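Working through the structure, step by step
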Amino acid sequence: QVQLVESGGGLVQAGGSLRLSCAASGRTFSYSAMAWFRQAPGKERQFVATISWSGGSTVYADSVKGRFTISRDNAKNTVYLQMNSLEPEDTSVYYCAASGLYSFTTNSHDYDYWGQGTQVTVSS
């Protein structure tokens, strides 16, 4: 059974930092694209960042570019999201996703596996 488990969310003041982790189990995702999405209450799920299977390519949403960094450790089957200079607008549930087919994609429909989400709250 494939599982993605996020951790590292919490409450932080504006300007602070958090590091999210997503540990995958049940199969290897070493050759798969992995990504972070987020969803705030009453809003649609939003793309945040994606990383290619090798870690050599990344894409970020404009709203987080320069503040967030996605990385992965294939030996640990884990993807990370370092979030710096957090803003109240970043408050959301953050979801980790992995693709079963694509090695690099920004399209949420290409992701087959999703975690349960971790809450990030940024106070002003």
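Look up a bit, the structure's there.
Here's a quick rundown of the structure. All figures in this text were calculated on a predicted structure; none of them were measured in a lab.

**Some remarks on the overall build of the protein**
Of the regular secondary structure elements, the protein holds zero helices and 11 strands. Its helices and strands in sequence order give the protein the pattern β-β-β-β-β-β-β-β-β-β-β, from N to C terminus. In terms of its C-alpha atoms, the protein occupies a principal-axis envelope of roughly 40 × 25 × 25 Å. Among the 124 residues that make up the protein, the fraction classed as buried is 44%. Contacts in the protein between residues at least 24 apart in sequence constitute 59% of all its contacts with a sequence separation of at least 6. Computing the positive centroid from 9 side-chain charges and the negative centroid from 9, the protein places the two 5 Å apart.

**Remarks on the environment of N107**
Topologically, N107 is positioned in the loop between strand 9 (92-98) and strand 10 (113-114). Taking the C-alpha atoms as reference points, N107 and V122, 15 residues apart in sequence, are found 27 Å from one another.

**Considering the sheet that holds strand 1 (residues 3-7)**
As summarised here, the arrangement of the four strands in space is 1-3-8-7, forming an open sheet in which the pairing is antiparallel. Lying at the two open borders of the sheet, with one neighbouring strand each, are strand 1 and strand 7 (68-73). Direction aside, the axes of adjacent strands within the sheet are offset by 15 degrees on average. As paired elements, strand 3 (residues 18-25) and strand 8 (residues 78-83) share six bridges and run antiparallel to each other. Considered in strand 8, the bridge of S21 is made with Y80.

**Some points on the environment of Y102**
Along the chain, the position of Y102 falls in the loop between strand 9 and strand 10. The exposure class of Y102 is partly exposed, given its relative accessible area of 36%. With residues near it in sequence (within four places) discarded, Y102 still touches Y31, S32, A33 and D110.

Calculation criteria
- Residues numbered from 1 in each chain as written.
- Predicted model: local features only at pLDDT ≥ 70, side-chain atom pairs only at ≥ 80, totals over all residues.
- Heavy atoms only, no water.
- Helix = DSSP H or I, 4+ residues; strand = E, 2+ residues; numbered from the N terminus.
- Buried < 20%, exposed > 50% of the residue type's maximum accessible area, 1.4 Å probe, protein only.
- Contact = heavy atoms within 4.5 Å.
- Lys, Arg positive; Asp, Glu negative; His and termini not counted.
- Charge placed at Lys NZ, Arg CZ, Asp CG, Glu CD.
- Pairing = 2+ DSSP bridges.
- Axes fitted to C-alpha atoms, helices over the stretch in contact; angles between N-to-C directions.

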